[in-house]
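# Descriptive analysis of the structure
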Amino acid sequence: MSLFILLFGILLLFVMILSKINPMIALVAVAIITGLLLGMPAAKVMNSISNGIGSTLGSMVMVLALGAMMGKLIEDSGSAKKIVFILIKAFGKQNIQWAVLLTGLLVGIPLFYNAGFVVLIPLVFAISAATGLSKLYIGLPMATALSVTHGFLPPHPGPVALAGIFHADIGQTLIYGLILSLPIAVIAGIYFPRLIMNKIQPAVIKDFVIEESEGLPGTAKSFITALLPVFLIIAGTVGSGISGNYLGKSLFIFLADPTAALLLSVVITLFIQNTSIEKAMQSCAEGVKSIAMIILIIAAGGAFKQILIDSGVGETVKELTGNLNLSPLLLAWLITASLRVTLGSATVAAVTASGMVLPLIGQHASPELMVLSVGAGSLMFSHVNDTGFWMFKEYFNLTLKQTFGTWTIMESIVSVLGLLGVLLLNQFV
């Protein structure tokens, strides 16, 4: 009976989101209704919601805020654009897709999906106009790279929230995510566009020059600021994982904490960029404003998650799936993918699924791989209930059929390959 009530709650959430009700309000309302229908006392329902919000945000709100500040500083300083120009020059005309893909990966690590898309789309259109190549042929690698980083790599909201809920090590999650992201981005972002659009590509790419704007930061500054958080977290994770006590290990332990790594990155960026402190602080404030609603949605998802845990629904799912002889990673992906197709938002699907799959973590699934499995599921089959679907459609002026044939298939490829990669990594971790 509890699973039927859960299904009703998910359907109610679906209807509310389709009715244009804010996802944060919808999640909290559905959490309360679901908890009451599951027989929880009203006082316990509200206590669970408070605990869910606190436990979810407590472990990650500073990571999200500092990550948003870092991304906005990189965007406003021109570092993202500088990276684009450098990579285009390095890869040349014939390998322009690879340049755009790598740009998307580098820019996508510090920037959230929507911000990265808006920053890079003018460059995509400029390259298309200069080379004669289709906008989609150039744009799909960019969108793929941003989707991959959004689903698999901290400090994006989904992976960070899941790492907090599953008590996963963010450094290890980042390392495993990077191992998955590179081959998946190449397959979905390079070979998939070539497979479906080989007739559009001209036989000879005409000469082109992308004019570099004046006043952009230097190459070293641009790459350092964009990649510094990743390098610090990875260095801290690797260094702190070395057995034994040695001089400097406490420093690595400090750097492995994503809050410390991001705070240090923000401070270093403030010193090396040619920007006044006043302007930099404005960028930091704007960055946090841009993700305020995302933080609230994650908090509301944490409330719903806690209701599912405290009511015992998660244990019910574990008991019912125990006899299926399926990998917990596969089950987590299936549950999240179903919610993604139903609800639209990748972040909402991920945090909603977390309460159902949390009891599945054990000997056969590490918390870090569970984060990536749920992250992969949250990208599955983006369609008309996803804002990313409409953003891609409108920017590239596509029909619905064309958007399904490009964006939706690309997202599904990333999701399925992510699952396969997680299952493969599970054999070695």
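Just so it is clear, the model here is predicted, and its values are computed rather than measured.

Turning next to the overall build of the protein chain. A count of helices and strands for the protein chain gives 21 helices and zero strands. Against the compact-globule benchmark of 22 Å for 429 residues, the protein chain has a radius of gyration of 22 Å, which places it among compact chains. Each principal axis of the C-alpha distribution contributes one length, and for the protein chain these read about 70 × 55 × 45 Å. By the burial criterion, 55% of the 429 residues in the protein chain qualify as buried. Here the analysis covers contacts within the protein chain between residues at least 6 apart in sequence; of these, 80% occur between residues at least 24 apart.

A word on unusual backbone geometry. Of note, Lys 20 is a non-glycine position whose phi angle comes to about 70 degrees, a positive value. Relative to the helices and strands, Lys 20 resides in the loop between helix H1 (2–18) and helix H2 (23–37). At Asn 397, a position not held by glycine, the phi torsion is positive, near 55 degrees. Within the fold, Asn 397 resides in the loop between helix H20 (387–395) and helix H21 (400–426).

Counting 135 residues, the largest nonpolar core has Phe 117 and Phe 392 as the members making the most contacts within it. Contact partners of Phe 117, with chain neighbours within four places excluded, come to Met 142, Leu 146, Met 391, Phe 392, Tyr 395 and Phe 396.

Moving on: the pattern of salt bridges. Two side chains bearing opposite charge may form a pair once their charged atoms approach each other closely. What the rule picks out here adds up to five salt bridges. Across the pair Lys 72 and Asp 76 runs a salt bridge whose closest N-O atoms are separated by 3.7 Å. One end of the pair, Lys 72, and the other, Asp 76, are both in helix H4 (residues 61–77), four residues apart, so they sit about a helical turn from each other. A residue is classified by how much of its surface remains accessible, and Asp 76, at 38% relative accessible area, is partly exposed. Between Arg 340 and Glu 411 there is a salt bridge, with the nearest N and O atoms lying 3.1 Å from each other.

On the surface, a cluster of nonpolar side chains totalling about 460 Å² of accessible area is made up of Val 341, Phe 381, Val 384, Trp 390, Leu 400 and Phe 404. Along the polypeptide, Leu 400 turns up in helix H21. Exposure remark for Leu 400: the relative accessible area of 39% places this residue in the partly exposed category.

So, about the layout of surface pockets. Summary: where empty space remains is shown by rolling a probe the size of a single water molecule over the atoms. Roughly 1000 Å³ of volume is contained in the largest pocket. As for the largest pocket, its lining consists of 42 residues, and the residues nearest its centre are Asn 114, Ser 345, Asp 386, Thr 387 and Gly 388. Ranked by residues supplied to the lining of the largest pocket, first place goes to H4 with four residues. Per-class residue counts for the lining of the largest pocket are 22 nonpolar, 13 polar and seven charged. Roughly 280 Å³ of internal volume is contained in the second largest pocket. Taken together, 14 residues line the second largest pocket, and the ones lying closest to its centre are Ile 10, Leu 334, Ile 335, Ser 338 and Met 356. With six residues, helix H17 (residues 328–343) is the largest single contributor of residues to the lining of the second largest pocket. Counted by class, the lining of the second largest pocket contains 11 nonpolar, three polar and no charged residues.

The subject of this paragraph is the packing of aromatic side chains. This structure, assessed with the given rule, holds seven aromatic pairs. Centre to centre, the rings of Phe 125 and Phe 396 are 5.8 Å apart; their planes meet at 90 degrees, and the pair counts as edge-to-face. You can see Phe 125 sitting in helix H7 (residues 113–131) and its partner Phe 396 sitting in the loop between H20 and H21, a full 271 residues away along the chain. Looking at Phe 396, the relative accessible area reads 7%, which means it is buried.

Bringing helix H5 (residues 79–91) into the picture now. Along its 13 residues, H5 runs 18 Å from first to last C-alpha, staying within 8% of the 18 Å computed at 1.5 Å per residue. Looking at H5, one finds that the buried residues are Ser 79, Ala 80, Lys 82, Ile 83, Val 84, Phe 85, Leu 87 and Ile 88. The elements touched by buried residues of H5 are H4, helix H6 (96–108), H7 and helix H11 (219–240). Looking one or two residues past H5, Gly 92 carries a phi angle of roughly 80 degrees, positive in sign.

Looking now at the environment of Phe 389. Within the secondary structure, Phe 389 is located in helix H20. Residue classification places Phe 389 among the buried residues on the basis of a relative accessible area of 0%. Spatially, the C-alpha atom of Phe 389 lies 9.4 Å from that of Leu 400, the residues being 11 residues apart in sequence. Leave out the neighbours within four places in its chain, and Phe 389 touches Ser 382, His 383, Val 384, Leu 400, Thr 403, Phe 404, Trp 407 and Thr 408.

The rules behind the values
Residues numbered from 1 in each chain as written. Predicted model: local features only at pLDDT ≥ 70, side-chain atom pairs only at ≥ 80, totals over all residues. Heavy atoms only, no water. Helix = DSSP H or I, 4+ residues; strand = E, 2+ residues; numbered from the N terminus. Rg over C-alpha atoms; globule rule 2.2 N^0.38 Å. Buried < 20%, exposed > 50% of the residue type's maximum accessible area, 1.4 Å probe, protein only. Contact = heavy atoms within 4.5 Å. Core = buried A, V, L, I, M, F, W, Y, C linked by side-chain atoms within 4.5 Å. Salt bridge = Lys/Arg side-chain N within 4 Å of Asp/Glu carboxyl O. Patch = residues over 30% accessible without salt bridge, like charges linked within 9 Å, V, L, I, M, F, W, Y side chains within 5 Å. Areas by Shrake-Rupley, 256 points an atom, 1.4 Å probe, with all protein chains shown as cover. 1 Å grid on protein atoms, 1.4 Å probe; cavity = no way out; pocket = protein on both sides within 12 Å on 5 of 7 lines; lining within 4 Å. Points joined across faces, edges and corners; volume = space filled by probe spheres on them. Nonpolar A, V, L, I, M, F, W, Y, C, P; charged D, E, K, R; others polar. Phe/Tyr/Trp six-rings, centres within 6.5 Å; stacked < 30°, edge-to-face > 60°. Expected span 1.5 Å × (residues − 1).

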